[in-house]
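Close look at the chain arrangement
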Amino acid sequence: MNPESSPSVAVVGPGAIGTTIAAVLHEVGRTPLLCGRTSRGHLALRDGDRLITIPGPIRTNPIQIDHPVDLVFLAVKATQIEAAAAWLAALTGPETVVCVLQNGVEQLERVAPHCPRGRIVPAIVWFPAQAQPDGSVRLRGDARLSLPDAPASRVIAEAMQGTRCFVELAADFKCLAWRKLLQNAVAGLMALTQRRSGMFGRSDISRLTLGYLQECLAVARAEGAELGDEVPQAILDKFQASPADMGTSILTDREAGRPLEWDIRNGVVSRRGQAHNIPTPISDVLVPLLAAASDGPG
Ligand SMILES: NC(=O)c1ccc[n+]([C@@H]2O[C@H](COP(=O)([O-])OP(=O)(O)OC[C@H]3O[C@@H](n4cnc5c(N)ncnc54)[C@H](OP(=O)(O)O)[C@@H]3O)[C@@H](O)[C@H]2O)c1
């Protein structure tokens, strides 16, 4: 990268999260290259009353890319990594940093086989963003990312400097990632019942949620995440305090009949539990149900 100039940036997967990142970069004059699956002239982000339009075009063919960039934000769903591999091949060189904007704790292992060059950095995405029926994306919180405190993360922090997306380099990244995973794992229950947060007001669902969270906590600790005993109750409290109609992306995907990110959000707990000889009886019921729901109605 030329130290005098801004890094060249591409966003692969211009959906809810990708559009938000593209918008905050565009606002400060660093419009990224947009690489997607669906052809569109521009992207639009709604933030309160503000509408930010990011000029396209959205590239849809990796053959159009003739040189690597300094930084790639990979914002496809975890179920879409393989399909996006040609973008990674075209956009990455040995020095390229690939920031994976996906839920879970396995970003490195999942992306590395499809990204032979470049340095992969997992990110925790803290802001909710939702695609709207008119094709725009609504940002529903302050844009914020956590990254591991590592040299490659600094490339990302510098690229985002001056934007309104706050980037934190976290010494306790593993702990933060597992805590978020526990929250995402519980949200999987909503995809199974096809209900929103209101369901956590039921005493039976509260008991199931706490039992599931204890199981996830044991696995998280075995993986080295130092999470306290209070975490399960704190996560349940948060769901119970949410508006009853608050949904989650895995529920939205279920309602739309799309594949679910069940493996990175729920399957990981049984897989890692098995590796540590930790019994995961609740996961053993939930995971096959989520996997089957992900296959569609037939
Ligand atoms: N949304 C949130 O609030 C939120 C919050 C925290 C974490 N996350 C995580 O962030 C990740 C991204 O989620 P999201 O909500 O932004 O998903 P999304 O809205 O579905 O966006 C995914 C984007 O990737 C595009 N895409 C799919 N296959 C592609 C391919 N082969 N090449 C290029 N682009 C491709 C999709 O194109 P189409 O438009 O053609 O479908 C879509 O624009 C997920 O892991 C999610 O769990 C999301």
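In this numbering scheme, every chain counts its residues from 1 along its sequence in written order. Local features in this predicted model are restricted to residues of pLDDT 70 or higher, and side-chain atom pairs are both shown and tallied only at a pLDDT of 80 or more, whereas totals for entire chains, interfaces and linings draw on every residue. Water and hydrogen atoms play no part in the side-chain values, which are based on all heavy atoms of the structure.

**Focus on the pattern of salt bridges**
- Any carboxyl oxygen of Asp or Glu that lies within 4 Å of a side-chain nitrogen of Lys or Arg is treated as forming a salt bridge with it. Inspection of every chain in the model, using the stated rule, returns 18 salt bridges.
- Taking the shortest distance from any N to any O, the salt bridge between Asp149 and Arg154 comes out at 2.8 Å.
- Remark: exposure states derive from per-residue accessible area (1.4 Å probe, protein chains only) relative to the maximum for the residue type, with buried under 20%, exposed over 50%, and partly exposed in between. Overall, the relative accessible area of 45% leaves Asp149 in the partly exposed class.
- On the basis of relative accessible area, Arg154 is assigned to the partly exposed category, the value being 39%.
- Residue Arg196 is joined to Glu255 by a salt bridge in which the shortest nitrogen-to-oxygen separation is 3.0 Å. One end of the pair, Arg196, is in the loop between helix H5 (173–193) and helix H6 (203–222); the other, Glu255, is in helix H8 (residues 249–255), and 59 residues separate them in sequence.
- Accessibility expressed as a relative area gives 32% for Arg196, which makes it partly exposed.
- Taken together, the salt bridges that share partners define one network made up of Glu106, Glu109, Arg110, Glu223, Asp263, Arg271 and Arg272. In DSSP terms, a helix is any run of H or I states spanning at least four residues, a strand is any run of E spanning at least two, and both are numbered starting from the N terminus.

**A few points about the domain arrangement of the protein**
- Here the limits of each domain have been adopted from an automatic or database domain assignment. Taken domain by domain, the protein holds domain 1 (9–170) and domain 2 (173–294).
- Its C-alpha centre places domain 1 at a distance of 25 Å from the equivalent point of domain 2.
- Every residue pair with non-hydrogen atoms within 4.5 Å of one another is taken to be in contact. Taken together, the 19 residues of domain 1 in the interface contact 17 residues of domain 2.
- Summed over both partners, the accessible surface that disappears when two parts come together, traced with a 1.4 Å probe, is what is meant by buried area. Overall, the association of domain 1 and domain 2 removes approximately 1,600 Å² of surface from exposure, summing both partners, and the carbon and sulfur fraction of that is 61%.
- On the surface where domain 1 and domain 2 come into contact, there are five salt bridges.
- In this structure, the salt-bridge partner of Asp253 is Lys77, at a minimum N-O distance of 3.0 Å.
- Any pair of N or O atoms that falls within 3.5 Å is considered a polar contact. Within protein, one atom must be able to donate a hydrogen and the other to accept it, and sequence-neighbouring residues count only if both atoms are side-chain atoms. If you look at where domain 1 meets domain 2, you find 10 residue pairs in polar contact (both at pLDDT 80 or more).
- Secondary-structure elements contributing two or more residues to the side of domain 1 that touches domain 2 are helix H3 (107–111), strand S7 (119–125), strand S10 (144–148) and strand S11 (166–170).
- The element best represented in the side of domain 1 that touches domain 2 is S7, accounting for four residues.
- Charged residues are taken to be Asp, Glu, Lys and Arg, nonpolar residues to be Ala, Val, Leu, Ile, Met, Phe, Trp, Tyr, Cys and Pro, and polar residues to be all remaining types, Gly included. Residue composition of the side of domain 1 that touches domain 2, by class: 10 nonpolar, four polar and five charged.

**Topic: the sheet that holds strand S3 (residues 42–47)**
- At least two DSSP bridges between two strands are needed for those strands to be called paired. Pairing within the open sheet is mixed, and its four strands lie in the order S4-S3-S9-S8. Edge positions in the open sheet fall to strand S4 (50–55) and strand S8 (129–131), since each of these has one partner strand only. With strand direction ignored, the average angle separating the axes of adjacent strands in the sheet is 25°.
- Relative to strand S9 (residues 137–139), S3 is paired through two bridges, and the arrangement is parallel. Directly across from Arg46, in S9, lies its bridge partner Arg138.
- Axis definition: a line fit to C-alpha positions, over the contact stretch in the case of helices; interaxial angles, taken between N-to-C directions, run 0 to 180 degrees. Each of S3, S4, S8 and S9 touches helix H1 (residues 16–27); the most contacted strand, S4, lies at about 90° to it.

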